[in-house]
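Coordinates in review
These are the residues of each chain, in order.
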Amino acid sequence: MIPDYAYVRAASLEDAIRHLTATGACLHAGGTDLLCCLRDGIFSASKVVSISSLSSLRGISPVAGGGMRIGALTTLAEIARHPMLQKEYPALAQAAASAASPQLRNQGTIGGNLCQRPRCWYFRGDFKCARKGGDLCFAAEGENQRHCIFGGEICFMVHPSDTAPALVALEGVLKITGPKGQRNVAAEKFFVLPSKDVTRENILDSGEIITEILLPPPLAGSRGGYFKVRSRGAWDFALTGVASALQFDGNTVRRARLVLSGVAPIPWRVPAAERELTGQKLDAALISKVSSTSVSGAEPLSQNGYKIAMLRGAVESALSQLV
Ligand SMILES: Cc1cc2nc3c(=O)[nH]c(=O)nc-3n(C[C@H](O)[C@H](O)[C@H](O)COP(=O)(O)OP(=O)(O)OC[C@H]3O[C@@H](n4cnc5c(N)ncnc54)[C@H](O)[C@@H]3O)c2cc1C
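Residues numbered from 1 in each chain as written. Predicted model: local features only at pLDDT ≥ 70, side-chain atom pairs only at ≥ 80, totals over all residues. Heavy atoms only, no water.

1. A short note on the overall build of the protein
Along the protein, the regular secondary structure elements total 13 helices and 12 strands. Compactness check: the protein gives a C-alpha radius of gyration of 19 Å against a globular reference of 20 Å for 323 residues, within 12% of the reference. Dimensions along the principal axes, computed over C-alpha positions, put the protein at roughly 60 × 50 × 35 Å. Counting across all 323 residues of the protein, residues that qualify as buried make up 53%. Taking the intrachain contacts of the protein between residues at least 6 apart in sequence as the baseline, contacts between residues at least 24 apart amount to 62%. Carbon and sulfur atoms form 53% of the exposed surface of the protein, whose accessible area is close to 14100 Å². Each charge sign in the protein was given a centre, from 35 positive and 27 negative side chains, and these centres are 4 Å apart. (Helix = DSSP H or I, 4+ residues; strand = E, 2+ residues; numbered from the N terminus. Rg over C-alpha atoms; globule rule 2.2 N^0.38 Å. Buried < 20%, exposed > 50% of the residue type's maximum accessible area, 1.4 Å probe, protein only. Contact = heavy atoms within 4.5 Å. Areas by Shrake-Rupley, 256 points an atom, 1.4 Å probe, with all protein chains shown as cover. Lys, Arg positive; Asp, Glu negative; His and termini not counted. Charge placed at Lys NZ, Arg CZ, Asp CG, Glu CD.)

The following block contains the structure:
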């Protein structure tokens, strides 16, 4: 049973922000994660503020001068099937298409996908873990098959979003509006490691709303995609994933961004692998070298060592598709 709360349908962005600054208020977009969290008592709310009637936060459109604008209420299904995104920003379209199930993609929004809470079974269960203000990460010594191999400290969750690594790879920017005005934040700077603040997954302050996502103009000769490994073919989170955005000059890589999912508490960039790709011809030997580099520094827990071989294979497959 979901405990009682007040429900407000915001009439404007300003109205939403005003309601959200109240203690105990939380934002409702598609509700596919929020309502599960409230039902399961992961956190509580005294007021739920729906932004679903704010039509200015919907839609995908080109930006004058190049690039694309995606409203935060745009659904994952709309992103997955958008012809321009499929062609020019394949990492994002493929990531959206790979998330969850058709029903969830029809209801779930890109803003909610970026801000969804962790899927760690201890966090979602009846455990007062470090992320919920307790002293311990129960996964550190417990059931940690699906947990991180990079960036774990204090908490060993993995970031659940498929679209987040794609936006980091594509150098997306999040437009955020709140009580203090508007700010633009690079997707790469949006997510917060547990070592910095274990109680939050992103930099949003009270009352702040992601209003839109901006994608820079596509670079000539760019190729990329999103490769996801999961336990079953649909309706499942990434065990490992790779978002890629490479720019080619002929067969030579001019610029590369590789961002991993399912292996760290934030979308995990691999600068050493990106450097190794840059200026080189993408062939089998280079792909093999880069896939080894991508796993270097991994620190598996007691039950997730399999992710190292899986990740190496995922990077190899992801890059092979771009040759
Ligand atoms: C069974 C299941 C399987 C799933 N599998 C996957 C998967 O494989 N990959 C994947 O990536 N996701 C997966 N998901 C997650 C799903 O994609 C998200 O629940 C969905 O995208 C959230 O969008 P929403 O609009 O419903 O968000 P809501 O549930 O409305 O909100 C989620 C959170 O984000 C906050 N929020 C929402 N919009 C904004 C905004 N614009 N600004 C600031 N804060 C905001 C809310 O306050 C809330 O805390 C799965 C979910 C389920 C239930």
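Moving on, there is more to tell.
2. Some details on the environment of Ser101
If you trace the backbone, Ser101 turns up in the loop between helix H5 (90–98) and helix H6 (102–107). A C-alpha to C-alpha distance of 10.0 Å links Ser101 and Gly233, two positions 132 residues apart in sequence.

3. Digging into the packing of helix H12 (residues 284–295) against helix H13 (residues 306–320)
Two elements in contact, H12 and H13, have axes whose closest approach is 8 Å; the angle formed by their N-to-C orientations is 140°. Between H12 and H13, the interaxial angle falls into the category oblique. The chirality of how H12 crosses H13 is right-handed. Contacts from Ile287, Val290, Ser291, Ser292, Ser294 and Val295 in H12 reach Ile308, Leu311, Arg312, Val315, Glu316, Leu319 and Ser320 in H13. (Axes fitted to C-alpha atoms, helices over the stretch in contact; angles between N-to-C directions. Parallel < 35°, antiparallel > 145°, perpendicular 65-115°, else oblique. Left-handed = near helix turned anticlockwise from the far one by under 90°.)

4. Remarks on H13
Two residues of an α-helix separated by three or four positions point the same way, owing to the 3.6 residues in each turn. Taking 1.5 Å per residue as the helical rise, H13 with its 15 residues ought to reach 21 Å, and the 21 Å between its terminal C-alpha atoms agrees with that figure. For H13, every residue scored as buried is listed here: Lys307, Leu311, Ala314, Val315, Ala318 and Leu319. Along H13, the residues classed as buried sweep out an arc of 120° about the axis, all on the same side. The secondary structure elements touched by the buried residues of H13 are strand S9 (222–229), strand S10 (240–249), strand S11 (252–261), helix H11 (271–277) and H12. (Expected span 1.5 Å × (residues − 1). Arc of directions from axis to C-beta.)

5. Regarding the site of the ligand
What surrounds the ligand is a group of 31 residues, the closest being Leu27, Thr32, Thr109, Asp162 and Trp235. A distance of 2.7 Å separates an oxygen atom of the ligand from a polar backbone atom of Gly31. Contact distances for the ligand include 2.8 Å between an oxygen atom and a backbone N or O atom of Asp33. Against a free-state accessible area of 970 Å², the protein chains account for coverage of 92% of the ligand. (Near = heavy atom within 4 Å. Polar contact = N/O pair within 3.5 Å; in protein donor to acceptor, adjacent residues only side chain to side chain.)

6. Considering the sheet that holds strand S2 (residues 25–28)
Sheet architecture is open: 3 strands sit in the order S1-S3-S2, paired in parallel fashion. Here the strands that pair on one side only, and so sit at the sheet edges, are strand S1 (6–9) and S2. Adjacent strand axes in the sheet meet at a mean angle of 25° when their direction is disregarded. Alignment of S2 against strand S3 (residues 47–50), held across 4 bridges, turns out to be parallel. When the sheet's bridge partners are listed, His28 is paired in S3 with Ser50. (Pairing = 2+ DSSP bridges.)

7. Re the nonpolar core
In this structure, Ile70, Leu85, Leu92, Leu114, Leu167 and Leu215 are the most contacted members of the largest nonpolar core, which totals 39 residues. Excluding residues within four positions of it along the chain, Leu114 makes contact with His159, Ser161, Thr163, Ala164, Leu167, Leu174, Phe190, Phe191, Ile210 and Ile213. Counting residues in each nonpolar core, the second largest holds 27 residues, with Val229, Ile287, Ala314 and Val315 among its members. (Core = buried A, V, L, I, M, F, W, Y, C linked by side-chain atoms within 4.5 Å.)

8. Quick word on the pattern of salt bridges
This model, assessed by the stated rule, comprises 20 salt bridges. In this structure, the salt-bridge partner of Glu208 is Arg183, at a minimum N-O distance of 2.6 Å. Taken together, the residues Glu208 in the loop between helix H10 (187–190) and strand S8 (209–215) and Arg183 in strand S7 (residues 181–186) connect sequence positions 25 residues apart. Judged by relative accessible area, Glu208 falls into the buried class, the value being 14%. Judged by relative accessible area, which is 29%, Arg183 ranks as partly exposed. As a salt-bridge pair, Arg200 and Asp197 come within 3.4 Å of each other at their nearest N and O atoms. Accessibility expressed as a relative area gives 27% for Arg200, which makes it partly exposed. Residues participating in the shared-partner salt-bridge network are Glu188, Arg257, Arg269 and Glu274. (Salt bridge = Lys/Arg side-chain N within 4 Å of Asp/Glu carboxyl O.)

9. Focus: the environment of Thr278
Note that Thr278 resides in the loop between H11 and H12. Using a relative accessible area of 34% as the deciding quantity, one classes Thr278 as partly exposed. Thr278 sits 22 residues away from Ala256 along the chain, and the two C-alpha atoms are 6.3 Å apart. When near neighbours in sequence (up to four residues on either side) are disregarded, Thr278 contacts Val253, Arg254 and Ala256. A distance of 2.7 Å separates the side chain of Thr278 from the backbone oxygen of Glu274, its partner in a polar contact.

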